[in-house]
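Remarks on the overall topology
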Amino acid sequence: MTKPLEGIKIIDFTHVQAGPACTQLLAWFGADVIKVERPGSGDVTRNQLRDIPDADALYFTMLNSNKKSLTLDTKKPEGKEILEKLVRESDVLVENFGPGALDRMGFSWERLNELNPKMIVASVKGFSDGHHYDDLKVYENVAQCAGGAASTTGFWDGPPTISAAALGDSNTGMHLAIGILTALLGRNKTGKGQKVAVSMQDSVLNLCRVKLRDQQRLERVGYLEEYPQYPHGEFSDVVPRGGNAGGGGQPGWVLKCKGWETDPNAYIYFTIQGHAWEPICKALGKPEWIDDPAYKTAEARQPHIFEIFGTIEAWLADKTKFEAVDILRKFDIPCAPVLTMKELANDPSLRASGTIVEVPHKKRGSYLTVGSPIKFSDMKPEVTASPLLGEHTDEVLASLGYSRQDIFNLREIKAV
Ligand code: COA
């Protein structure tokens, strides 16, 4: 089966997580992704948090599947020459270096555009071009703080909190992938490449747009009725942290199930969807609540929502999280068990769908990774192992016309 991005050649000048997550996605869908790495060391994540001595760390293998690896010192004249040749025949260059690094290397947007006017140059930076912080280097948690996620995550009596989900890194990579695909479609019409830039701050803020919604509501009416602070607590002039409250019109909370005293994940998320109130009362064995004016409407319930959650927890006390969900699903109640990484890794449904995949690797044996979360009717993205450092250097250089002797000489001077 041919994949939609087959024939698209990508110079993957990315490292750590944000950039590699983007190019990995494009590689799954068929693009020829050549990862350019510094000779001798490569992407820093190859060595970070290793669990097997001398084998690439999972941090690297889980973000660089389906790619080729070319070692190249792009600060040496010989390395620059090779990169220029690659640029001339590639469709996309993706990078997420610190601010100005590509320019310092001699590969500004203007230069790249001159070398190949059809090429798309895609960049991740911490902050957007021209932003008053655009000189800053940025990692995941910095972006979560700068993009509004940290100030609105956690509990009101605790500090700003970082999400475990990679809102700054992988999320920005996904935004960049959308930008690249859009620019490729644009090129089909204009014949021209363009620069595509995504900042981590903007990508986090894009996912926090409901909090900007809340800021405006708060300024207009002075309170936010779906937050735990309403109606008994106080609001300041900024969106508060709402703990585990639902972000839309449906109140919800993380509730204890059987075993919570010893199992930190014996919980479910329970949502009180307005029109599901009757089935909820039936499921809980509280039919008298259905027409009780103190419970009948969402507005009536809100002042004592935690008393209602307490009643649900009492009902949950003799049920595991899985038993509880099995009962509640029959009543069409939106809920889910709080799943651990161990449970997800072994989930048969995720294995069957290709969301969790086991990949054979030359040095590691095999490792688990997250496969494509995007499913297609005509294509099943296959995940192959991440490359060893420089595994495809000879192959790529030969395709650019370098002889075996040339490659030997380039190795001698450590240009590749
Ligand atoms: N050959 C020669 N030099 C190379 C090279 C290669 N193949 N690949 C990288 N380099 C050089 C760069 O040119 C740069 O040199 P310079 O600073 O002397 O100009 C140097 O390596 C360091 O690059 P940099 O990207 O600044 O690395 P860092 O480790 O200092 O910073 C980040 C890491 C992630 C903080 C930074 O890259 C960054 O802010 N990136 C943008 C935002 C981002 O993506 N962050 C999240 C990543 S998950």
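The rules behind each value
Residues numbered from 1 in each chain as written. Predicted model: local features only at pLDDT ≥ 70, side-chain atom pairs only at ≥ 80, totals over all residues. Heavy atoms only, no water. UniProt positions renumbered as here; feature names shortened; annotations may be inferred. Helix = DSSP H or I, 4+ residues; strand = E, 2+ residues; numbered from the N terminus. Buried < 20%, exposed > 50% of the residue type's maximum accessible area, 1.4 Å probe, protein only. Contact = heavy atoms within 4.5 Å. Areas by Shrake-Rupley, 256 points an atom, 1.4 Å probe, with all protein chains shown as cover. Lys, Arg positive; Asp, Glu negative; His and termini not counted. Charge placed at Lys NZ, Arg CZ, Asp CG, Glu CD. Near = heavy atom within 4 Å. Polar contact = N/O pair within 3.5 Å; in protein donor to acceptor, adjacent residues only side chain to side chain. Nonpolar A, V, L, I, M, F, W, Y, C, P; charged D, E, K, R; others polar. Patch = residues over 30% accessible without salt bridge, like charges linked within 9 Å, V, L, I, M, F, W, Y side chains within 5 Å. Salt bridge = Lys/Arg side-chain N within 4 Å of Asp/Glu carboxyl O. Axes fitted to C-alpha atoms, helices over the stretch in contact; angles between N-to-C directions. Parallel < 35°, antiparallel > 145°, perpendicular 65-115°, else oblique. Left-handed = near helix turned anticlockwise from the far one by under 90°. Pairing = 2+ DSSP bridges. Core = buried A, V, L, I, M, F, W, Y, C linked by side-chain atoms within 4.5 Å. 1 Å grid on protein atoms, 1.4 Å probe; cavity = no way out; pocket = protein on both sides within 12 Å on 5 of 7 lines; lining within 4 Å. Points joined across faces, edges and corners; volume = space filled by probe spheres on them.

Going by the annotation in an unreviewed UniProt entry, the name recorded for the protein chain is Formyl-CoA:oxalate CoA-transferase, with Paraburkholderia agricolaris given as the source organism. On record in UniProt, under Function (unreviewed entry), the comment for the protein chain is "Involved in the catabolism of oxalate and in the adapatation to low pH via the induction of the oxalate-dependent acid tolerance response (ATR). Catalyzes the transfer of the CoA moiety from formyl-CoA to oxalate." The Catalytic activity (unreviewed entry) field of the UniProt record for the protein chain holds the comment "formyl-CoA + oxalate = oxalyl-CoA + formate".

1. Regarding the overall build of the protein chain
Counting its regular elements, the protein chain contains 17 helices and eleven strands. Its C-alpha atoms put the protein chain at 85 × 45 × 40 Å along the principal axes. Taken across its 416 residues, the protein chain has 46% of its residues classed as buried. Once local pairs closer than 6 in sequence are excluded, the contacts in the protein chain between residues at least 24 apart make up 64%. Counting every atom, the protein chain has about 21100 Å² of accessible surface; 55% of that belongs to carbon and sulfur. Placing the 48 positive and 54 negative side-chain charges of the protein chain at their respective mean positions leaves the two points 4 Å apart.

2. Concerning the UniProt feature "active site" (unreviewed entry) in the protein chain
Taken from the UniProt record, the annotation "active site" (unreviewed entry) applies to Asp169. Position of Asp169 relative to the elements: it lies in the loop between helix H6 (140–146) and helix H7 (170–190). Apart from residues lying up to four places away in sequence, Asp169 is in contact with Gln17, Ala18, Tyr59, Glu140 and Met200.

3. Digging into the site of the ligand
Around the ligand, the structure places 22 residues, and the nearest of them are Lys75, Gly98, Arg104, Lys137 and Val138. Take Val138: an N or O atom from its main chain is 2.6 Å from a nitrogen atom of the ligand. Look at the ligand: alone it shows 940 Å² of surface, and the protein chains cover 84% of it. Of the residues that constitute the shell around the ligand, the class distribution is nine nonpolar, six polar and seven charged.

4. With respect to a positive patch on the surface
Residues Arg38, Lys75, Arg104 and Lys137 make up a contiguous surface patch of positive charge. You can call Arg104 exposed: its relative accessible area is 65%.

5. Examining the packing of helix H1 (residues 18–28) against H7
The interhelical angle for the contact between H1 and H7, taken along N-to-C directions, is 50°, at an axis separation of 7 Å. When the axis of H1 is compared with that of H7, the two are oblique. Note that H1 runs across H7; the crossing there is right-handed. Between H1, through Ala18, Ala21, Cys22, Leu25 and Leu26, and H7, the contact on the second element is made entirely by Ser170, Gly173, Met174, Leu176, Ala177, Ile180 and Leu181.

6. Here we look at the packing of H7 against helix H8 (residues 200–207)
Relative to each other, H7 and H8 sit at 95°, their axes nearing to 9 Å. As summarised for this structure, H7 and H8 are arranged roughly perpendicular, according to the angle between their axes. Taking contact as the criterion, the partners of Asn171, Thr172 and His175 in H7 are, on H8, Met200, Ser203, Val204, Asn206 and Leu207. Across the contact of H7 with H8, the residue classes break down as three nonpolar, five polar and no charged.

7. A word on the sheet that holds strand S9 (residues 335–337)
With respect to topology, three strands assemble into an open sheet ordered S7-S8-S9, the strand pairing being antiparallel. Of all the strands in the sheet, the pair left with one neighbour each is strand S7 (252–256) and S9. Neighbouring strand axes in the sheet, compared pairwise and without regard to direction, differ in orientation by 20° on average.

8. Examining the nonpolar core
Ranked by size, the top nonpolar core spans 37 residues in total, and within it Ile10, Leu26, Val92, Val94, Leu176 and Ile180 carry the most contacts. No other element matches H1, which puts six residues into this core. Setting aside its immediate chain neighbours within four residues, Val92 contacts Ile8, Lys9, Ile10, Ile11, Met119, Ile120, Ile180 and Leu184. Membership of the second largest hydrophobic core comes to 28 residues, among which are Ile11, Phe107, Val121 and Leu397.

9. Some details on the pattern of salt bridges
Under the definition given, this model contains 28 salt bridges. The salt bridge involving Lys9 is made with Glu89; its shortest N-O contact spans 2.6 Å. You can see Lys9 sitting in strand S1 (residues 9–13) and its partner Glu89 sitting in the loop between helix H3 (77–88) and strand S4 (92–95), a full 80 residues away along the chain. Here Glu84 makes a salt bridge to Arg111, at a shortest N to O gap of 3.2 Å. Within this pair, whereas Glu84 is found in helix H3, its partner Arg111 is found in helix H5 (residues 109–115), the two being separated by 27 residues in sequence.

10. Side note on empty space enclosed by the protein
The probe, sized like a water molecule, is rolled over the atoms to show the empty space still left. The tally for this structure, following the rule as stated, stands at one cavity of 30 Å³ or more. Quantified by volume, the largest cavity comes out at close to 60 Å³. As for the largest cavity, its lining consists of Glu226, Tyr227, Pro228, Ala245, Pro251, Gly252, Trp253, Gln302, Ile305, Phe306 and Phe309. Sorting the residues of the lining of the largest cavity by element identifies S7 and helix H12 (305–316) as the ones contributing at least two each. Per-element tally for the lining of the largest cavity: the top contributor is H12, with three residues.

11. Observations regarding the UniProt feature "binding site: substrate" (unreviewed entry) in the protein chain
Per the UniProt record, the feature "binding site: substrate" (unreviewed entry) sits at Gly248, Gly249 and Gln250. As for its placement among the helices and strands, Gly249 is situated in the loop between helix H9 (209–221) and S7. Relative accessible area serves as the criterion here: at 67%, Gly249 is assigned to the exposed category. Looking at Gln250, the relative accessible area reads 35%, which means it is partly exposed. Excluding residues that lie within four positions of it along the chain, Gln250 makes contacts with Thr271, Ile272 and Gln273.

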